[in-house]
Amino acid sequence: MKNVETITLHINGSDRSLAIDPRTTLLDALREHLGLTGTKKGCDHGQCGACTVHVNGARVLSCLTLAVQAEGLPVATIEGLSRSEDELHVVQAAFVRHDAFQCGYCTPGQIMSAVACIREGHAGSDSDIREYMSGNICRCGAYANILEAIKDAAGSLAKGIEHETL
Ligand code: FES
Ligand code: FES
């Protein structure tokens, strides 16, 4: 008999119930069970950062987190960052403005990581940003532009600007 457990996850402000095998990772729960495919699987081994989401306000690798571990805690994914269709979070807007992505596959993880990086106070210098964003690999080599985007967004967030209208 299959081992299935029903859990409720609090994702991007909404409660979502799902019946899953308790061995299911948060990444697979998001992608395969909830249709939230913005969070990407680049390695499934904690080495690329494409699966980065926030759990309880902190960035985590969702491929190394079991969905059951996130039960009862707020989970934020890339789909929840903008408030509406014509508004982007300042980090999203800065990534577009600075051309901080090419194929886009690492981008959701980069952006979730960048939001947390700024919030943690690790965006004070170029070297800090490089160091604290080093868990997110970009095969397209967008690092220089990612750095510029994060500096730009950190400036906006310091002024209290969270979203930008398109
Ligand atoms: S998919 Fe999670 S770190 Fe690569
Ligand atoms: S934009 Fe292609 S891997 Fe980063």
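Okay, so let's go over this structure. Position numbers for residues count from 1 along each chain, tracking the sequence in the order it is written. Naming scheme: in the order in which they are written, chains are lettered from A and ligands are numbered from 1. Local features are withheld for residues below a pLDDT of 70 in this predicted model, meaning they are given only at 70 or higher, and side-chain atom pairs are given and counted only at 80 or more; totals for whole chains, interfaces and linings count all residues. As a convention, hydrogens and water are excluded, and side-chain values are obtained from all of the structure's heavy atoms.

### Focus: the pairing of strand E4 (residues 58–61)
Working step 1: By this definition, two strands are paired if DSSP reports at least two bridges between them. Helical segments are the DSSP runs of H or I of at least four residues, strand segments are the runs of E of at least two, and each set is numbered from the N terminus. By the bridge criterion, four bridges tie strand E3 (residues 52–55) to E4 in an arrangement that is antiparallel. Within E4, the position partnered with valine 53 by the bridge is valine 60.
Working step 2: The hairpin formed by E3 and E4 contains two residues between the paired strands, and asparagine 56 there has a positive phi angle of roughly 55 degrees.

### What to know about the pattern of salt bridges
Working step 1: By definition, a salt bridge exists where a carboxyl oxygen of Asp or Glu is found within 4 Å of a side-chain nitrogen of Lys or Arg. On inspection of all chains with the given rule, the structure shows nine salt bridges.
Working step 2: Linking arginine 83 and glutamate 87 is a salt bridge whose minimum nitrogen-to-oxygen distance equals 3.0 Å.
Working step 3: Exposure is judged per residue with a 1.4 Å probe applied to protein chains only, and the accessible area is read against the type maximum: over 50% gives exposed, under 20% gives buried, and values in between give partly exposed. For arginine 83, a relative accessible area of 59% translates into the label exposed.
Working step 4: Taking relative accessible area as the criterion, glutamate 87 reaches 16% and is therefore assigned buried.
Working step 5: Each of Asp28, Lys41 and Asp44 takes part in one network of salt bridges that share partners.

### Details of the packing of helix H3 (residues 107–119) against helix H5 (residues 143–158)
Working step 1: Axis lines are fitted to C-alpha atoms, over the contacting stretch for helices. Their N-to-C directions set the angle, which ranges from 0 to 180 degrees. Orientation of H3 relative to H5, taken along the N-to-C sense of each, is 45 degrees, at an axis distance of 10 Å. On the basis of their axis angle, the class for H3 and H5 is oblique. In this structure, H3 crosses over H5, and the sense of that crossing is right-handed. Across from Gln110, Ala114 and Ile118 in H3, the residues of H5 making contact are Ile146, Ile150, Ala153, Ala154 and Leu157. Every angle not falling under 35 degrees, over 145, or within 65 to 115 is termed oblique; those three ranges are roughly parallel, roughly antiparallel and roughly perpendicular. In this scheme, a crossing is called left-handed if the near helix is turned counterclockwise away from the far one by less than a right angle; it is called right-handed if the turn is clockwise. Contacts: residue pairs with any heavy atoms within 4.5 Å of one another.

### Digging into the environment of isoleucine 111
Working step 1: Topologically, isoleucine 111 is positioned in helix H3.
Working step 2: The class of isoleucine 111 is buried, set by a relative accessible area of 6%.
Working step 3: Isoleucine 111 sits 59 residues away from threonine 52 along the chain, and the two C-alpha atoms are 8.7 Å apart.
Working step 4: In this structure, isoleucine 111 is in contact with Ile78, Leu81, Val91, Gln92 and Phe95, ignoring residues within four places of it in sequence.

### Side note on the nonpolar core
Working step 1: Side-chain atoms within 4.5 Å are what join buried Ala, Val, Leu, Ile, Met, Phe, Trp, Tyr and Cys residues into a set we call a nonpolar core. Grouped together as the largest cluster of nonpolar side chains are 25 residues, with contacts concentrated most on Val91, Phe95, Ile111, Ile118 and Ile150.
Working step 2: Among the elements of the structure, helix H2 (90–97), H3 and H5 are those that each provide at least two residues to this core.
Working step 3: Those residues in contact with isoleucine 150 that lie beyond four places of it in its chain are Phe95, Ala114, Ile118, Ala123, Ile129 and Met133.
Working step 4: Among the nonpolar cores identified, the runner-up in size contains 15 residues, and Ile7, Leu18, Ala70 and Val75 belong to it.

By themselves, these observations are geometric and do not establish any function.
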